[in-house]
Amino acid sequence: MIMNNWFECKIETEKTLEGGATKKVTEPYLVDALNFTEAEARIIKEITPYCNGQLTVKDIRRVKYSEMFTSDAESADKWYKVKCNFITLDEKTQSEKRSATFILVKASDLRDAVQRFDEGMKGSMVDYEIHTVQETNILDVFPYDAEAKKE
């Protein structure tokens, strides 16, 4: 099983508004990298082709997502952070134990996020309960691609 190291990178760039004026905006993206240095290099490489002006990495922070459920549906244009509790039974005390984990889900709205989460968990043998579902402001996610690294 491959463990991902997710970093949320906030990028400041200039956007052209409808009237032709430009405005500086800060946008968050998620990138899979080994460390902060690689995260900065990867996000600059991924975002530069889409920027007109100067690009500045304003912030990088490590975030913990144990899994990600993506979607190819055109309507799925938002990322939701799902906090769920995995429920296990402690055999010694015969009590339930809950372990919190965060999973990122790409969906069109809150209901769709819950549905996609449940679909993603279908094959799982562990009991779980959804604690919270929260829309994030993440614009795009860039997972590690071993094939692209070979080029």
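Parameters at a glance
Residues numbered from 1 in each chain as written. Predicted model: local features only at pLDDT ≥ 70, side-chain atom pairs only at ≥ 80, totals over all residues. Heavy atoms only, no water. Phe/Tyr/Trp six-rings, centres within 6.5 Å; stacked < 30°, edge-to-face > 60°. Helix = DSSP H or I, 4+ residues; strand = E, 2+ residues; numbered from the N terminus. Buried < 20%, exposed > 50% of the residue type's maximum accessible area, 1.4 Å probe, protein only. Pairing = 2+ DSSP bridges. Contact = heavy atoms within 4.5 Å. Axes fitted to C-alpha atoms, helices over the stretch in contact; angles between N-to-C directions. pLDDT = per-residue confidence, 0-100. Polar contact = N/O pair within 3.5 Å; in protein donor to acceptor, adjacent residues only side chain to side chain.

**Observations concerning the packing of aromatic side chains**
So, point 1. Considering all chains together, one arrives at four aromatic pairs under this definition.
So, point 2. Relative to phenylalanine 142, the ring of tyrosine 29 lies with its centre 6.2 Å away and its plane at 35 degrees, an arrangement referred to as tilted. Taken as a pair, tyrosine 29 in strand β2 (residues 22–32) and phenylalanine 142 in strand β8 (residues 141–142) lie far apart in primary sequence, 113 residues in all.
So, point 3. Here phenylalanine 142 falls in the buried class, since its relative accessible area comes to 12%.
So, point 4. Judged by centre distance (5.4 Å) and plane angle (80 degrees), the ring pair of phenylalanine 117 and tyrosine 128 falls under edge-to-face. Taken together, the positions of phenylalanine 117 in helix α2 (residues 110–120) and tyrosine 128 in strand β7 (residues 127–135) put the pair 11 residues apart, joining distant regions of the chain.

**Some remarks on the sheet that holds strand β3 (residues 56–63)**
So, point 1. If you trace the four strands from one edge of the open sheet to the other, you get β3-β1-β2-β8, paired in mixed fashion. The strands lining the two open edges of the sheet, one partner per strand, are β3 and β8.
So, point 2. In the sheet, β2 pairs with β8 via two bridges, with the strands oriented parallel. Across the sheet, valine 31 pairs through a bridge with phenylalanine 142, a residue of β8.
So, point 3. Each of β1 (6–16), β2, β3 and β8 touches helix α1 (residues 36–47); the most contacted strand, β3, lies at about 125 degrees to it.

**Here's the deal with unusual backbone geometry**
So, point 1. We note that glutamine 94 has phi near 55 degrees; this positive angle belongs to a residue other than glycine.
So, point 2. Counting through the fold element by element, glutamine 94 comes out in the loop between β5 (78–90) and β6 (95–107).
So, point 3. Residue classification places glutamine 94 among the exposed residues on the basis of a relative accessible area of 56%.

**Regarding the sheet that holds β5**
So, point 1. Taken in spatial order, the four strands of this open sheet run β4-β6-β5-β7, and their pairing is mixed. Among the strands making up the open sheet, the edge pair consists of β4 (67–69) and β7. When the angles between neighbouring strand axes are averaged without regard to direction, this sheet yields 30 degrees.
So, point 2. Strand direction decides the pairing type here: β5 and β6, joined by 13 bridges, are antiparallel. Looking at the pairing, asparagine 85 lines up with alanine 100 of β6.

**Focus: the confidence of the model for the protein**
So, point 1. On average, the protein scores 90 in pLDDT, and the residues at 70 or more come to 94%.
So, point 2. Mean pLDDT across the elements of the protein ranges from a minimum in helix α3 (residues 146–150), with 54, to a maximum in β3, with 96.

**Digging into the side chain of glutamate 27**
So, point 1. Mapped onto the elements, glutamate 27 comes out in strand β2.
So, point 2. At 3.0 Å, the side chain of glutamate 27 and the side chain of tyrosine 29 are in polar contact.
So, point 3. Ignoring anything within four residues of it in the chain, the contact list for glutamate 27 reads Cys9, Lys10, Ile11, Thr13, Lys15 and Leu139.

**So, the environment of lysine 10**
So, point 1. Relative to the helices and strands, lysine 10 resides in strand β1.
So, point 2. Look at lysine 10 and you get partly exposed, because its relative accessible area is 30%.
So, point 3. Taking the C-alpha atoms as reference points, lysine 10 and valine 25, 15 residues apart in sequence, are found 9.8 Å from one another.

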